[in-house]
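Below, each chain spelled out in residue letters.
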Amino acid sequence: FGAALFTLMFLEPTLDEVGPAGNQVLTVIVRRGFVKYMASIGGLTVLIGFYLFWRLAGDPAFAGSRPGIAISIGALTGIIALALGGSMIGASAKKFSVLAPKAASLPEGAERVALLKTMEGLRARMATFSKIVVALLFISMVLMSLAHLV
């Protein structure tokens, strides 16, 4: 949750504020493995969650209880967040990192403008889905941490 929130609240606005240099920074961040890092942390979190859920769900009375339902909904929102993060944000970041060096090497003209427009669309897509993922992770975190109180 923390890394996703940092990306949404600080990294994306900073990249937007610095203008074209933000494209270069994003390309380097992706090349240095940020997407793989986020995917591995998300995947590990879901795997550990599956294990804990399996331990709790062994009791049929728990599965139908209010805490069981809260944890189930939290698990579902976490899995959806992971899927959206990988398929929408990660894939867009990878495409962006391939297009950015290409755009930098092109001379001014229609082809470069079209490529920059495509890159801007990818950045907008990443920003939109970052907000959705952070919201889903927040819901997941709240439900799972407070499930024992419901």
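No experiment lies behind these values; they were computed from the predicted model shown. (Residues numbered from 1 in each chain as written. Predicted model: local features only at pLDDT ≥ 70, side-chain atom pairs only at ≥ 80, totals over all residues. Heavy atoms only, no water.)

The interhelical angle for the contact between helix α1 (residues 2–17) and helix α6 (residues 110–146), taken along N-to-C directions, is 155°, at an axis separation of 9 Å. As judged from the angle between their axes, α1 and α6 are roughly antiparallel. Here the hand of the crossing between α1 and α6 comes out left-handed. Residues A4, L5, L8, E12, L15 and D16 of α1 form the contact with α6, whose participating residues are R123, M126, A127, S130, K131, V134 and L137. (Axes fitted to C-alpha atoms, helices over the stretch in contact; angles between N-to-C directions. Helix = DSSP H or I, 4+ residues; strand = E, 2+ residues; numbered from the N terminus. Parallel < 35°, antiparallel > 145°, perpendicular 65-115°, else oblique. Left-handed = near helix turned anticlockwise from the far one by under 90°. Contact = heavy atoms within 4.5 Å.)

This part covers the confidence of the model for the chain. Per-residue confidence for the chain gives a mean pLDDT of 91; residues scoring 70 or more make up 100%. Per-element averaging of pLDDT across the chain places helix α4 (residues 60–63) at the bottom with 82 and α6 at the top with 94. (pLDDT = per-residue confidence, 0-100.)

Tracing the backbone through its elements, the reader meets S92 in helix α5 (residues 66–105). Among the residues examined, S92 registers a relative accessible area of 1% and is labelled buried. Look past the residues within four positions of S92 in its chain and what remains in contact with it is L122, R125 and M126. (Buried < 20%, exposed > 50% of the residue type's maximum accessible area, 1.4 Å probe, protein only.)

A few words now on the packing of aromatic side chains. The relative placement of two aromatic rings is captured by the distance of their centres and the angle of their planes. Counted by the stated rule, this structure contains three aromatic pairs. Centre to centre, the rings of F1 and F138 are 6.2 Å apart; their planes meet at 40°, and the pair counts as tilted. Highlighted residues: F1 in the segment before α1 and F138 in helix α6, separated in sequence by 137 residues. Classification of F1 as partly exposed rests on a relative accessible area of 36%. (Phe/Tyr/Trp six-rings, centres within 6.5 Å; stacked < 30°, edge-to-face > 60°.)

Before going further, it helps to spend a moment on the pattern of salt bridges. The final tally for this structure, using the stated rule, is two salt bridges. With a closest N to O distance of 2.4 Å, D16 and R123 form a salt bridge. Here D16, found in helix α1, pairs with R123, found in helix α6; they are 107 residues apart in sequence, far enough to count as distant. The class of D16 is exposed, set by a relative accessible area of 51%. R112 is the salt-bridge partner of E108, the closest N and O atoms lying 2.8 Å from each other. A relative accessible area of 68% means that E108 is categorised as exposed. (Salt bridge = Lys/Arg side-chain N within 4 Å of Asp/Glu carboxyl O.)

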